[in-house]
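Secondary and tertiary structure notes
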Amino acid sequence: MEIDQIYVMSQVFTVLMYALLGITYQVKSRRIIIILSIFSNAFQGIAYLLLNAKSGFIMCILAILRDIFMMVISDKIKDEKTSRNAYLGVIIVFYIGMIISAIFTYEGIFSMLSILATAIYTYSIWQKNEKVYKALGTPVGICWIAYNIFVKSIFGVVFESIILICSIVGYVRSRKNDNSTEHEIVRGV
């Protein structure tokens, strides 16, 4: 692995991406999560482009489009059933796009980890339940760590490990808060 200016720039964009992604695991607002996700995917897309990591780059492009469509749906469609069907349509189209891109970007089994991570993350962000989002951060993180090892992104591995810890902490905090609320209800507080 040669460390040149292009590699250094890829790592700068990777750091920016993970800073934004880390924040998503600590907020409750679905809209803020989606906005931060759009920007983090843009930064990561640039990093993967610089690393010549084709499947990761395409997943970032698809993820940005997914997030924009999800935000538009949540802003424009207020009926719960119609909104859910629209989200499902976006998810189906997105998964089809991922399968097609997998065919063209296949560079071995490890290149598919970016697609698996994106598929799981897509499901997690589609949920209205923040605990599902936070719980699925664990398998997503593991896939991205392995993919970043594959594309030789040092900061990707380091920061994805930190994000994995953030997602676990966020999930545990949510579960702890739920348990505290349940105990208060049982005690009549």
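Residues numbered from 1 in each chain as written. Predicted model: local features only at pLDDT ≥ 70, side-chain atom pairs only at ≥ 80, totals over all residues. Heavy atoms only, no water.

1. Details of empty space enclosed by the protein
Rules: Each cavity reported here is a set of points on a 1 Å grid over the protein atoms alone in which a 1.4 Å probe fits but cannot get out, each pocket an open set with protein on both sides within 12 Å along at least five of seven lines, and each lining residue one with an atom within 4 Å of a point. Grid points are joined across faces, edges and corners, and a volume is the space filled by probe spheres set on the points. Secondary structure elements are taken from DSSP: a helix is a run of H or I of four residues or more, a strand is a run of E of two residues or more, and numbering for both begins at the N terminus. Asp, Glu, Lys and Arg are counted as charged, while Ala, Val, Leu, Ile, Met, Phe, Trp, Tyr, Cys and Pro are counted as nonpolar; the rest, among them Gly, fall into the polar class.
Per the stated rule, a full pass over the model turns up one cavity of 30 Å³ or more. The volume enclosed by the largest cavity comes to roughly 200 Å³. Looking at the lining of the largest cavity, the elements with two or more residues in it are helix H1 (5-24), helix H2 (30-50), helix H3 (54-76), helix H5 (113-126), helix H7 (137-150) and helix H8 (154-187). Within the lining of the largest cavity, the residues separate by chemical class into 12 nonpolar, seven polar and two charged.

2. Brief notes about the environment of Leu36
Using the following cut-off: The contact criterion used throughout is that any non-hydrogen atoms of two residues lie within 4.5 Å.
Here Leu36 is to be found in helix H2. Once the C-alpha coordinates of Leu36 and Asp67 are considered, the two residues, 31 residues apart in sequence, prove to be 9.7 Å apart. When neighbours within four sequence positions are excluded, Leu36 is seen to be in contact with Leu20, Ile23 and Thr24.

3. Topic: a nonpolar patch on the surface
Counted only if it meets this: Excluding any residue in a salt bridge, patches collect residues exceeding 30% relative accessible area, merging like charges within 9 Å and nonpolar Val, Leu, Ile, Met, Phe, Trp and Tyr side chains within 5 Å. Areas reported as accessible are Shrake-Rupley estimates using a 1.4 Å probe. Residue values count occlusion only from the protein chains shown. The rule for a salt bridge is simple: a side-chain nitrogen of Lys or Arg has to be within 4 Å of a carboxyl oxygen of Asp or Glu.
A cluster of nonpolar side chains, namely Ile3, Ile6, Val8, Met9, Val12, Leu16, Ile46, Leu50, Ile154, Phe155, Val158 and Ile162, defines an oily patch on the protein surface of about 970 Å² accessible area. Contributions of two or more residues to the nonpolar patch are made by H1, H2 and H8. The element that contributes the greatest number of residues to the nonpolar patch is H1, accounting for five residues. Structurally, the position occupied by Met9 is in helix H1.

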